[in-house]
Amino acid sequence: MGKPYFLIKDGKLSRKENTILFESKDITKTIPIEDVDELFVISDVSLTSKLLKLLAKFLIIRVELKHKIIGQRKNNANILLWV
């Protein structure tokens, strides 16, 4: 079972094999997709389409824009993208 992750730094999210890669000015971190139950992005982050495909394959993609849910897919996990 995964856990929630909160991104509070600006940076870039991308896919590296079957992991989530987060890169910012001062940190680079990989997170195995199986460890993620929820991903909260609370900062300015760019995403790659390869990452979105990976997230759709393993998780629910739930995009929240100004506190309105506009989409949802698949199993019990959640991904909230705050913009």
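On a predicted model such as this, the values are computed, not experimentally measured, just so you know.

Scoring rules and cut-offs
Residues numbered from 1 in each chain as written. Predicted model: local features only at pLDDT ≥ 70, side-chain atom pairs only at ≥ 80, totals over all residues. Heavy atoms only, no water. Patch = residues over 30% accessible without salt bridge, like charges linked within 9 Å, V, L, I, M, F, W, Y side chains within 5 Å. Areas by Shrake-Rupley, 256 points an atom, 1.4 Å probe, with all protein chains shown as cover. Salt bridge = Lys/Arg side-chain N within 4 Å of Asp/Glu carboxyl O. Helix = DSSP H or I, 4+ residues; strand = E, 2+ residues; numbered from the N terminus. Lys, Arg positive; Asp, Glu negative; His and termini not counted. Charge placed at Lys NZ, Arg CZ, Asp CG, Glu CD. Pairing = 2+ DSSP bridges.

> Pulling in residues and values, what's your account of a nonpolar patch on the surface?
A grouping of Phe-6, Ile-8 and Ile-42 is seen on the molecular surface, where their side chains present a nonpolar patch of about 360 Å² in accessible area. For Ile-42, the position within the fold is in the loop between β5 (36-41) and β6 (45-47).

> If you had to explain a positive patch on the surface to someone new, which residues and values would you point to?
Positive charge collects at one region of the surface, where Arg-15, Lys-50, Lys-53 and Lys-57 lie side by side. Residue contributions to the positive patch peak at three residues, all from helix α1 (residues 49-58). Mapped onto the elements of the fold, Lys-57 is located in helix α1.

> Explain the pairing of strand β2 (residues 11-16) residue by residue, including any values.
A regular strand places its side chains on the two faces of the sheet in alternate fashion. Direction of pairing for β2 relative to β6: parallel, over a ladder of three bridges. Residue pairing in the sheet places Lys-12 in a bridge with Ser-46 of β6. Pairing between β2 and strand β3 (residues 19-23): five bridges, direction antiparallel. Bridge assignment links Leu-13 to a residue of β3, and that residue is Phe-22. As consecutive antiparallel partners, β2 and β3 are separated by two residues, and within that stretch Glu-17 has a phi angle of approximately 55°, a positive value.

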